[in-house]
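Working through the structure, step by step
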Amino acid sequence: MEEKTTTPSHFIRTIIREDKKNGKNDGRVHTRFPPEPNGYLHIGHAKSICLNFGMAEEFDGKCNLRFDDTNPEKEEVEYVESIKEDVRWLGFDWEDREYYASDYFEQLYEFAIELIKKGKAYVDHLTPDQIRKYRGTLTEPGKNSPYRDRTVEENLELFEKMRNGDFGEGECVLRAKIDMASPNINMRDPALYRIKKAHHHRTGDKWVIYPMYDFAHALSDAIEHITHSLCTLEFEDHRPLYDWCVENVSAPSRPVQIEFARLNLSYTVLSKRKLLQLVREKYVDGWDDPRMPTISGFRRRGYTPESVRDFSERIGVAKKDSIVDLSLLEFCLREDLNKRAERRMAVLRPLKVVIENYPEGQTEELDAVNNPEDDSMGMRKVPFSREIYIERTDFMEDPPKKFFRLYPGNEVRLRYAYFITCTDVVKDENGEIIELRCTYDPASRGGNSPDGRKVRGTIHWVSVPHAVDAEVRLYDNLFKKPDPDDVDEGRTFLDNINPNSLEVVNTKAEPAIGEVQAGDNFQFERMGYFVADKKEHTSGKPVFNRSVTLRDTWAKISKK
RNA sequence: UGGGGCGUAGCCAAGCGGUAAGGCAGCGGCCUUUGGAGCCGCGACGCGCAGGUUCGAAUCCUGCCGCCCCAGCCA
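Residues numbered from 1 in each chain as written. Chains lettered and ligands numbered in written order. Predicted model: local features only at pLDDT ≥ 70, side-chain atom pairs only at ≥ 80, totals over all residues. Heavy atoms only, no water.

1. Some details on the packing of aromatic side chains
Under the definition given, this model contains 24 aromatic pairs. Where Tyr-40 meets Trp-287, the ring centres are 5.0 Å apart and the plane angle is 15°; that geometry is what we call stacked. In this pair, Tyr-40 sits in the loop between strand S1 (30-33) and helix H2 (43-58) while Trp-287 sits in the loop between helix H9 (272-280) and helix H10 (295-301), placing the two residues 247 residues apart along the sequence. Trp-287 carries the same exposure label as Tyr-40, and that label is buried. (Phe/Tyr/Trp six-rings, centres within 6.5 Å; stacked < 30°, edge-to-face > 60°. Helix = DSSP H or I, 4+ residues; strand = E, 2+ residues; numbered from the N terminus. Buried < 20%, exposed > 50% of the residue type's maximum accessible area, 1.4 Å probe, protein only.)

2. A word on the packing of H2 against helix H11 (residues 305-314)
Orientation of H2 relative to H11, taken along the N-to-C sense of each, is 75°, at an axis distance of 9 Å. Relative to H11, H2 is oriented roughly perpendicular. Residues Ile-43, Ala-46, Lys-47 and Cys-50 of H2 lie in contact with H11, whose contacting residues are Val-308, Arg-309, Phe-311 and Ser-312. Of the residues belonging to the contact of H2 with H11, the class tally is 5 nonpolar, 1 polar and 2 charged. (Axes fitted to C-alpha atoms, helices over the stretch in contact; angles between N-to-C directions. Parallel < 35°, antiparallel > 145°, perpendicular 65-115°, else oblique. Contact = heavy atoms within 4.5 Å. Nonpolar A, V, L, I, M, F, W, Y, C, P; charged D, E, K, R; others polar.)

3. Considerations on the pairing of strand S9 (residues 256-260)
In terms of burial, S9 is a largely internal element, 4 of the 5 residues being buried. For strand S8 (residues 228-232) and S9, the ladder comprises 5 bridges, and the chain directions are parallel. Along S9, the bridge assignment pairs His-228 with Val-256. With respect to chirality, the unit in which S8 leads through helix H8 (residues 239-247) into the neighbouring parallel S9 is right-handed. (Pairing = 2+ DSSP bridges. Right-handed = clockwise from strand over helix to strand, strands pointing away.)

4. What to know about the sheet that holds strand S21 (residues 468-475)
Sheets are built from strands that pair by backbone hydrogen bonding, the pairs being arranged parallel or antiparallel. Spatially, 7 strands are ordered S10-S23-S24-S25-S21-S22-S11 in an open sheet, and the strand pairing comes out mixed. In the strand order of this sheet, the two ends are held by strand S10 (342-344) and strand S11 (346-347), each with one partner. Note: S21 against strand S25 (residues 543-549), 3 bridges, orientation parallel. The residue of S25 that forms the bridge with Val-472 is Phe-544.

5. With respect to the protein's contact with RNA strand B
Close contacts around RNA strand B come from 69 residues, with Arg-343, Arg-405, Arg-415, Gly-446 and Thr-553 the closest. The sugar-phosphate share of atoms of RNA strand B within 4 Å of the protein amounts to 66%. Within the backbone of Pro-128, a nitrogen or oxygen atom sits 3.2 Å from a base nitrogen of RNA strand B. A distance of 2.6 Å separates a base nitrogen of RNA strand B from a polar side-chain atom of Gln-523. Those elements that place two or more of their residues in the surface near RNA strand B are helix H5 (128-134), strand S6 (191-195), helix H12 (326-340) and helix H13 (553-559). Among the residues making up the surface near RNA strand B, the classes are represented as 26 nonpolar, 17 polar and 26 charged. (Near = heavy atom within 4 Å. Polar contact = N/O pair within 3.5 Å; in protein donor to acceptor, adjacent residues only side chain to side chain.)

6. Focus on a positive patch on the surface
Together, Lys-402, Arg-551, Lys-556, Lys-559 and Lys-560 make up a positively charged patch on the protein surface. We classify Lys-560 as exposed; its relative accessible area is 86%. (Patch = residues over 30% accessible without salt bridge, like charges linked within 9 Å, V, L, I, M, F, W, Y side chains within 5 Å. Areas by Shrake-Rupley, 256 points an atom, 1.4 Å probe, with all protein chains shown as cover. Salt bridge = Lys/Arg side-chain N within 4 Å of Asp/Glu carboxyl O. Lys, Arg positive; Asp, Glu negative; His and termini not counted. Charge placed at Lys NZ, Arg CZ, Asp CG, Glu CD.)

7. As for the domain arrangement of chain A
Domain boundaries assigned for chain A yield domain 1 (13-260), domain 2 (272-342 + 470-559) and domain 3 (346-460). Here the C-alpha centre of domain 3 lies 64 Å away from the C-alpha centre of domain 1. (Domains from an automatic or database assignment.)

8. Some words on the packing of helix H4 (residues 105-117) against helix H6 (residues 152-164)
Packed helices, taken two at a time, are described by the angle their axes make and the gap between the axes. With their axes 9 Å apart at the nearest point, H4 and H6 run at an angle of 155° to one another. Our classification of the angle between H4 and H6 gives roughly antiparallel. Taken as a pair, H4 and H6 cross one another with a handedness that is right-handed. Only Val-152, Asn-155, Leu-156, Phe-159, Glu-160 and Arg-163 of H6 make contact with H4, whose side of the interface consists of Glu-106, Tyr-109, Ala-112, Ile-113, Ile-116 and Lys-117. Per-class residue counts for the contact of H4 with H6 are 7 nonpolar, 1 polar and 4 charged. (Left-handed = near helix turned anticlockwise from the far one by under 90°.)

9. Observations regarding the side chain of Asn-155
With respect to the element layout, Asn-155 can be found in helix H6. Excluding anything up to four places from it in sequence, Asn-155 contacts Ile-116, Ala-121, Tyr-122, Val-123 and Arg-150.

10. Quick look at the sheet that holds strand S5 (residues 173-176)
Within the open sheet, the 4 strands sit side by side as S4-S5-S6-S7. Their pairing is antiparallel. Two strands in the sheet have a free side with no partner beyond their single neighbour: strand S4 (121-124) and strand S7 (209-211). Along the sheet, successive strands turn relative to each other by an average axial angle of 20°, direction set aside. Strand direction decides the pairing type here: S5 and S6, joined by 3 bridges, are antiparallel. Bridge assignment links Val-173 to a residue of S6, and that residue is Arg-194.

11. Some details on empty space enclosed by the protein
Scanning the entire structure with this criterion turns up 3 cavities of 30 Å³ or more. Empty space within the largest cavity amounts to approximately 180 Å³. Taken together, 17 residues make up the lining of the largest cavity; nearest its centre are Arg-291, Phe-298, Arg-301, Leu-326 and Asn-477. The set of elements that each furnish at least two residues to the lining of the largest cavity consists of H10 and H12. (1 Å grid on protein atoms, 1.4 Å probe; cavity = no way out; pocket = protein on both sides within 12 Å on 5 of 7 lines; lining within 4 Å. Points joined across faces, edges and corners; volume = space filled by probe spheres on them.)

Written as structure tokens, this is what we have:
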């Protein structure tokens, strides 16, 4: 059905395909995306979302959205709302399967009781500090807690007291009784429940004990009959514990955990802790600042869901730690927008040009195509007059070799308009160029000369009397180094923040720009892709964010 | 140095015993009313290293080396 036969294979797809072929789980494929609502989702989560929902879609299965909300101290409804919005924006639908680990608290509590009754869990009154010491080290085994052999009755009673709030935070925990000498530290009697007298965003003050990740996550998967529980590499050595939880309780199903490498992207950070810090300490303007690698940041930056999904597909899924080039993400956006974004002309840094032989007071409308890649997107009219603005960088008084743009005596084409030749340069008392004088060839209307004369350069322009003012935000990478964490002793990633990640310019745009809607994507010819800012753009005061520049061959040539 | 993982081109990534896919980046060229787009071409003599098995090894075996993760009552 898909014409795309190049879908790259990856190990998870292979496993699921095999399972389905062998009739495992009755051929059912059920995944889940399990975010903790303690921050905004970032591009790394997008990879996971695309994988989980993608596998479900591909194998005719389902994917749940489940909030892993077992730590009330860090979780907020603002985060769950943003997460839902982001998943939806990416184009995925969890239908009626919006779940919360907190929905299962009662059931999980019962599972814990079951463990206690089987003699596989106990209430430990060691202090947090003692527990750490008893745990041993990477090379030395741990020691059993003196409370490890409490009777089932005693544990049952104590656990109920924990639930009833009879103990204070940190006084005791419920622990799995596994093996304090296990070479896998996660198996040295891990905590299953701890006391937290905090308000939970959904269950309010109903509970004072909360299940730990390993216990809650594995059993939530089992409760939802998840078949393939996909998570990242750092949980690899939690898998024995995941299995232990599911096997030692009368779980309704037997899910399997499979781990893959998380995404890292050059020139940015993807750790919730660091992103939170950037927001809290105001290095950026919120979670959706267009420089943030959050999904909401990319959305506001002008990225399309299609481009993000394409990116997720192209990076692949494997178990190798990796840092993907930002250039791949940018490529995906350009490729998408090239075919879909209408073109407009906007002069970012204006330089006035007076066309001396063009009649004063005259105005005409020229035809411009909206997208040379797609004729169905039609044409528009662009007004022309004696005075226009051109890009400052499109003029050089003393140009280097291979500079095809405007310079004294040179002729260039004004896109969709006329050939002009620079005749004079006007400067102010400081020697600053403030205006150019040019002449035009009336016969070259539309951009071609009947005598077949060729020009090497074509530049964009905007008619002075018709120009619309717009604020344009030029974004650059938030960090100076490909790896922001590459720092000297005593320094942090914050020292690698790029001080020039945002430049705001007042630009002159063609009048058609006055009609755009917030969120619309455009290509400003020769400059890049821009989006009308979702929050601040109005028809009265247009505001655009640069999503990504165009590939700039000239920049490479001029650097040599 | 206990356990768990991973090492294929600058960055991703296929490959699973038969003689190194693909993408991004980069570099040439063609074309062009965006120095955009598009099109064509170029990169491993080699798959962390060293041995071994085999007619044949990135793929199997052995030994090294390097990198990542784990000692939260975080997820």
